[in-house]
Amino acid sequence: IEDCLAKKMEITVSEAEKRTGRNAMNIQETYTAYLIETRAVESQSEGQCAPVDSLWRRYSEFELLRNYLSVTYPHIVVPPLPEKRADFVWHKLSADNMDPDFVERRRIGLENFLLRVASHPVLCQDKIFYAFLTQEGGWKEMVNETGFQLKADSRLKALNATFRVKNPDKRFTELKHYSDELQSVISHLLRVRARVADRLYGVYKVHGNYGRVFSEWSAIEKEMGDGLQSAGHHMDVYAASIDDILEEEEHYADQLKEYLFYAEALRAVCRKHELMQYDLEMAAQDLTSKKQQCEELATGTVRTFSLKGMTSKLFGQETPEQREAKIKVLEEQIQEGEEQLKSKNLEGRDFVKSAWADIERFKEQKNHDLKEALISYAVMQISMCKKGIQVWTNAKECFSKM
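Residues numbered from 1 in each chain as written. Predicted model: local features only at pLDDT ≥ 70, side-chain atom pairs only at ≥ 80, totals over all residues. Heavy atoms only, no water.

As recorded by an unreviewed UniProt entry, the protein chain carries the name SNX4 protein and is attributed to Malurus elegans. You can read under Sequence similarities (unreviewed entry) in the UniProt record for the protein chain the words "Belongs to the sorting nexin family." (UniProt positions renumbered as here; feature names shortened; annotations may be inferred.)

This is the structure in structure tokens:
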């Protein structure tokens, strides 16, 4: 971790800008571009002010980077991107992906994604990731030259492996349950948070109404006028603070959403392992079948019903030369199959070892991040309750002076 890019380079997504351009279909579209700024840390420690490099990237380019990382490092729980369109939105807030507040939260999310990758012990060393941060042009061509799309497994193939693996690894089956549970618990937390936000909004609006009533009342009262106006002012200030609080609440919701999307990254690692296990089982099955064929040809006995066996019975046996030639081909295929099986077993063991190390790292990170986010959320709620008590304490003083 000491060698990771995050220690050597400051990375920020400092700005978001609405732009208009033409897409691949030559249709005009409006999109958001994000300004990535990087600065070397080393020269700063030497007392010099390092120059800032900056370039603009679209959300679709962040998606391309993440897809490349997911395919190239299948054993790694690749950090997720922030949502493209708002989900689990509290109904009083905009779900428009061009809404300034949403764009700002997505800017923070994209910066967090880059910092997560830059802090990862393996991903931070990727040359394509470094080019994404530092090279304005030619970056997409570099990605496409890796041919990562050809390595990507189709959904259908992955689904087929899921249902046809005979000996699934218990640890990865448990990991799937873990990711499902993580997704379920965080979805529930997000729904509860939206209900809490709704209730809070109602409480603050009631205080706004109190403020208006006290202000109007103060206009028709001579002796109590000043006290009522002061009490109304306290209520108005409290009611007006709701917008900032809800924006802060959305920030905590985004921290939860990151782990909602991490659940899918965990499942992607499980799918890759299932595919490898399925390939291994198919190779082992094919090898067993060839060994049996070889044995049958060598002994002249057919243990299983086959079309070839029926044909030889109907149209006569093969000559010894033909049989020898077939045995020789099969023996070569068996040798090749054994080497292939050995290689697949080795590859599978390496995958499990690397994947498990990264999953343990992820779990540690998750426990730390969620604990911190939920404590901060609780502290915010407590401070809001204290403000509410203070408002009514101030109002009480106003009333007692009347």
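To continue, consider the overall build of the protein chain. Along its length, the protein chain carries 13 helices and 3 strands. Of all 402 residues assigned to the protein chain, the portion counted as buried reaches 39%. A separation of at least 24 residues holds for 75% of the contacts in the protein chain among residues at least 6 apart in sequence. Element-wise, carbon and sulfur atoms account for 53% of the exposed surface of the protein chain, whose accessible area totals about 24100 Å². (Helix = DSSP H or I, 4+ residues; strand = E, 2+ residues; numbered from the N terminus. Buried < 20%, exposed > 50% of the residue type's maximum accessible area, 1.4 Å probe, protein only. Contact = heavy atoms within 4.5 Å. Areas by Shrake-Rupley, 256 points an atom, 1.4 Å probe, with all protein chains shown as cover.)

Another aspect to go through is the layout of surface pockets. As a volume, the largest pocket reaches approximately 1200 Å³. Contributing to the lining of the largest pocket are 43 residues, with Ser70, Val71, Asp153, Ala268 and Arg271 lying nearest its centre. Within the residue set of the lining of the largest pocket, elements represented by two or more residues are helix H3 (59-72), helix H7 (148-151), helix H8 (155-164), helix H11 (242-299) and helix H13 (320-400). When residues in the lining of the largest pocket are grouped by element, the largest group, 13 residues, is from H11. Of the residues assigned to the lining of the largest pocket, the class counts are 19 nonpolar, 9 polar and 15 charged. (1 Å grid on protein atoms, 1.4 Å probe; cavity = no way out; pocket = protein on both sides within 12 Å on 5 of 7 lines; lining within 4 Å. Points joined across faces, edges and corners; volume = space filled by probe spheres on them. Nonpolar A, V, L, I, M, F, W, Y, C, P; charged D, E, K, R; others polar.)

With that settled, consider the side chain of Arg267. Within the fold, Arg267 resides in helix H11. Judged by relative accessible area, Arg267 falls into the buried class, the value being 15%. Polar side-chain contacts of Arg267 include one of 2.8 Å to the side chain of Asp180. Leaving out residues up to four positions away in the same chain, Arg267 has contacts with Ser179, Asp180 and Gln183. (Polar contact = N/O pair within 3.5 Å; in protein donor to acceptor, adjacent residues only side chain to side chain.)

This part is about the confidence of the model for the protein chain. Summarising the model, the protein chain shows a mean pLDDT of 86, and 89% of its residues fall at 70 or more. Of all the helices and strands in the protein chain, helix H12 (residues 307-315) carries the lowest mean pLDDT, 52, while H3 carries the highest, 94. (pLDDT = per-residue confidence, 0-100.)

It is worth spelling out helix H9 (residues 170-218) at this point. Given a rise of 1.5 Å per residue, 49 residues ought to cover 72 Å, and the 72 Å separating the end C-alpha atoms of H9 matches this to within 8%. By the N-cap criterion, in which a side-chain oxygen at the helix start approaches the backbone nitrogen of a residue two or three places on, H9 is capped by Asp169, the distance to Arg171 being 2.9 Å. (Expected span 1.5 Å × (residues − 1).)

Moving on, we come to the packing of aromatic side chains. All told, the structure shown has 15 aromatic pairs when counted by the stated rule. With a centroid separation of 6.4 Å and 35° between ring planes, the pair formed by Phe172 and Phe351 is classed as tilted. In this pair, Phe172 is assigned in helix H9 and Phe351 in helix H13, connecting sequence segments 179 residues apart. Overall, Phe351 belongs to the buried group, its relative accessible area being 6%. For the pair Tyr259 and Phe362, a centre-to-centre distance of 6.0 Å together with 40° between the ring planes defines the contact as tilted. Separated by 103 residues along the polypeptide, Tyr259 in helix H11 and Phe362 in helix H13 bring together distant segments of the chain. Considered together, Tyr259 and Phe362 belong to a single accessibility category, that of buried residues. (Phe/Tyr/Trp six-rings, centres within 6.5 Å; stacked < 30°, edge-to-face > 60°.)

A surface patch of nonpolar side chains, about 220 Å² in accessible area, is lined by Val185, Leu189 and Leu374. Within the secondary structure layout, Leu374 lies in helix H13. (Patch = residues over 30% accessible without salt bridge, like charges linked within 9 Å, V, L, I, M, F, W, Y side chains within 5 Å. Salt bridge = Lys/Arg side-chain N within 4 Å of Asp/Glu carboxyl O.)

This next bit is on a negative patch on the surface. Together, Glu321, Glu324, Glu331, Glu332, Glu336 and Glu339 make up a negatively charged patch on the protein surface. Here Glu331 lies in helix H13. The class for Glu331 is partly exposed, based on a relative accessible area of 46%. (Lys, Arg positive; Asp, Glu negative; His and termini not counted. Charge placed at Lys NZ, Arg CZ, Asp CG, Glu CD.)

Here we come to the environment of Ile36. In this structure, Ile36 sits in strand E2 (residues 28-40). Exposure remark for Ile36: the relative accessible area of 0% places this residue in the buried category. For the pair Ile36 and Thr12, spaced 24 residues apart in sequence, the C-alpha separation works out to 5.8 Å. Beyond its immediate sequence surroundings of up to four residues, Ile36 is in contact with Thr12, Val13, Asp53, Ser54, Leu55, Arg57, Phe62, Leu114, Phe132 and Leu133.

What follows covers H11. With 58 residues, H11 ought to run about 86 Å at 1.5 Å a step, and its terminal C-alpha atoms sit 86 Å apart, in line with that. Backbone geometry just downstream of H11 places Gly300 in the positive-phi region, at approximately 80°.

To continue, consider the pairing of E2. In this sheet, E2 lies alongside strand E1 (residues 9-22) in antiparallel orientation, the contact comprising 13 bridges. Looking at E2, one finds that Met9 is bridged to Ala40. (Pairing = 2+ DSSP bridges.)

Attention now goes to the sheet that holds E1. Sheet architecture is open: 3 strands sit in the order E1-E2-E3, paired in antiparallel fashion. If you trace the sheet from one side to the other, it starts and ends with E1 and strand E3 (53-58), each paired once. The mean angle between the axes of side-by-side strands here comes to 25°, regardless of whether they run parallel or antiparallel. When E2 meets E3, the two strands line up antiparallel, connected through 6 bridges. Note that in E3 the partner of Ile36 across the bridge is Leu55. (Axes fitted to C-alpha atoms, helices over the stretch in contact; angles between N-to-C directions.)

This part is about the nonpolar core. Within the largest apolar cluster, 34 residues are counted, with the highest numbers of intra-cluster contacts made by Phe62, Leu114 and Leu133. Broken down by secondary-structure element, the contributors of at least two residues to this core are E1, E2, H3, helix H4 (100-119), helix H5 (127-134) and helix H6 (139-145). Setting aside anything within four residues of it in sequence, one finds Leu114 in contact with Ile11, Val13, Ile36, Phe62, Phe129, Phe132 and Leu133. Listed in part, the 23 residues of the second largest apolar core include Phe172, Val269, Cys270 and Val352. (Core = buried A, V, L, I, M, F, W, Y, C linked by side-chain atoms within 4.5 Å.)

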